[in-house]
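Architecture and fold: a report
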Amino acid sequence: MAENGASAREAAYMEGIPCWVDAQLADVEAGKRFYGELFGWTFEESYGGTVWAYHDGEPVAGLAHKPDGRLPTVWTVYFATPDAEALCRRILAAGGQIVTAPIPVGELGVAALAADPEGAVFGLWQPGTHPGFGQRHVPGSFVRVELYARDPEAAGAFYGGLFTDALVGPDAEPDFGRALLTEVFPAEMPPHFLVHFGVEDCDAALGTVNRLGGRIQAGPFDTSYGTVGVATDDQGASFAALQR
């Protein structure tokens with residue numbers, strides 16, 4: 001179901017719902033050119049020099065400058081929580097790790113980074129004035145995140161224990177799937193999350209990626225949730241284009 005405006009922001013408060021994504025890039029201006037053309041995004045400066053991307057006037061993602069060139073160029077998904085400190089304690093108790101302890105982001109909210117027992121990194125977002133996506137589930141916005149794990153069943157138990165209501169509750173409509181990290185991937189590839197953005201035409205989107213200097217990793221291929229193409233941008237951040 002497509003959501004935008006108040007409905008998307010309101011839904012983001014349930015703990016365990018993917019509520020925001022951002023990319024850590026060496027060149028934010030280049031990122032604006034790439035994703036602006038690919039998804040039709042516009043951009044505005046936000047807290048601490050971060051740039052917010054907008055689609056149809058609603059916030060859909062963030063672009064941030066990497067503070068250290070040795071850090072990976074990645075898209076990170078953030079899961080909503082009403083209490084980041086408490087969730088960090090539960091993550092540790094379940095065998096995960098805290099990469100960055102909860103820190104305030106001005107009045108916008110509180111952010112943290114964590115890793116599951118296999119090392120896949122994800123974010124936590126405790127909302128303040130910024131609840132999360134203003135639009136999702138439509139072309140040009142977040143639609144899904146897929147976890148590639150070496151042990152999907154163990155991953156399911158870990159995240160299911162943390163986010164029971166959002167993933168398996170009576171009203172759950174999770175934007176979160178998991179898949180086996182198979183031998184198709186390089187041996188050095190760690191478990192990771194892959195953010196999926198909606199597109200009208202997957203073939204056309206991948207053609208645009210090529211034209212803008214990105215690279216196609218896989219696809220298009222059909223899944224139970226749509227047609228997917230996996231790509232990297234012109235700086236090496238991986239993402240997926242999803243046509244439903």
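Our structure's up above, just so we're on the same page.
Rules of the game
- Residues numbered from 1 in each chain as written.
- Predicted model: local features only at pLDDT ≥ 70, side-chain atom pairs only at ≥ 80, totals over all residues.
- Heavy atoms only, no water.
- Helix = DSSP H or I, 4+ residues; strand = E, 2+ residues; numbered from the N terminus.
- Rg over C-alpha atoms; globule rule 2.2 N^0.38 Å.
- Buried < 20%, exposed > 50% of the residue type's maximum accessible area, 1.4 Å probe, protein only.
- Contact = heavy atoms within 4.5 Å.
- Pairing = 2+ DSSP bridges.
- Axes fitted to C-alpha atoms, helices over the stretch in contact; angles between N-to-C directions.
- Core = buried A, V, L, I, M, F, W, Y, C linked by side-chain atoms within 4.5 Å.
- Expected span 1.5 Å × (residues − 1).
- Polar contact = N/O pair within 3.5 Å; in protein donor to acceptor, adjacent residues only side chain to side chain.

Attention now moves to the overall build of the protein chain. What the protein chain contains, in helices and strands, is 6 helices and 16 strands. Relative to the globule expectation of 18 Å for 244 residues, the C-alpha radius of gyration of the protein chain, 17 Å, shows essentially globular dimensions. Projected onto its principal axes, the C-alpha positions of the protein chain cover 45 × 40 × 40 Å. Across the 244 residues that make up the protein chain, the buried fraction comes to 52%. Counted over contacts in the protein chain with a minimum sequence separation of 6, partners at least 24 positions apart contribute 64%.

It is worth spelling out the sheet that holds strand β3 (residues 42-45) at this point. What the 8 strands build is an open sheet, ordered β3-β4-β5-β2-β6-β9-β8-β7; its pairing is mixed. The open sheet has two free edges, formed respectively by β3 and β7 (97-105), since each of these has just one partner strand. The mean inter-strand angle of the sheet, taken between neighbouring strand axes irrespective of direction, is 30°. Summarising the sheet, strand β4 (residues 51-55) and strand β5 (residues 58-65) pair through 5 bridges and their orientation is antiparallel. Along β5, the bridge assignment pairs His-55 with Glu-58. Most of the contacts of helix α2 (residues 28-39) go to β5, to which it runs at about 150°, and overall it touches β2 (18-25), β3, β4, β5 and β6 (74-80).

A few words now on the sheet that holds strand β13 (residues 192-198). Here 6 strands make up an open sheet; going across it, the order is β12-β11-β13-β16-β15-β14 and the pairing mixed. With one partner strand each, in any of the chains shown, β12 (176-180) and β14 (215-223) form the two edges of the open sheet. Across the sheet, the mean angle separating the axes of adjacent strands is 25° when strand polarity is ignored. In this sheet, strand β15 (residues 226-232) lies alongside β14 in antiparallel orientation, the contact comprising 6 bridges. Paired with Ala-218 across the strands is Val-230, a residue of β15. Each of β11 (142-149), β12 and β13 touches helix α4 (residues 152-162); the most contacted strand, β12, lies at about 155° to it. Contacts from helix α6 (residues 202-211) reach β14, β15 and β16 (238-243) within the one sheet, and its direction differs from that of β14 by about 175°.

Moving on, we get to unusual backbone geometry. The general pattern is negative phi for most residues beyond glycine and trans for most peptide bonds. Of the consecutive residues Gly-219 and Pro-220, the connecting peptide bond is found in the cis state with omega at 5°. Inspection of the secondary structure puts Pro-220 in strand β14. You will see that His-137, though not glycine, has its phi angle at about 70°, which is positive. Considering the arrangement of structural elements, one finds His-137 in the loop between β10 (135-136) and β11. For His-137, a relative accessible area of 16% puts it in the buried group.

Let us now look at the nonpolar core. One finds Trp-75, Phe-122, Tyr-159, Phe-193 and Phe-239 to be the most contacted residues of the largest nonpolar core, which totals 62 residues. In terms of nonpolar packing, the next biggest core, distinct from the first, is built from 9 residues, Val-143, Leu-181, Val-228 and Ala-240 among them.

Here the focus is α2. In a regular helix each residue adds 1.5 Å, so 12 residues correspond to 16 Å; α2 covers 16 Å between its end C-alpha atoms and thus fits that length. Buried within α2 we find Val-28, Ala-30, Gly-31, Phe-34, Tyr-35, Gly-36, Leu-38 and Phe-39. Sitting at the amino-terminal end of α2 is Asp-27, which places a side-chain oxygen 3.2 Å from the backbone nitrogen of Glu-29. Looking at the residues trailing α2, positive phi occurs at Gly-40, about 75°.

So yeah, pure geometry; function would need other evidence.
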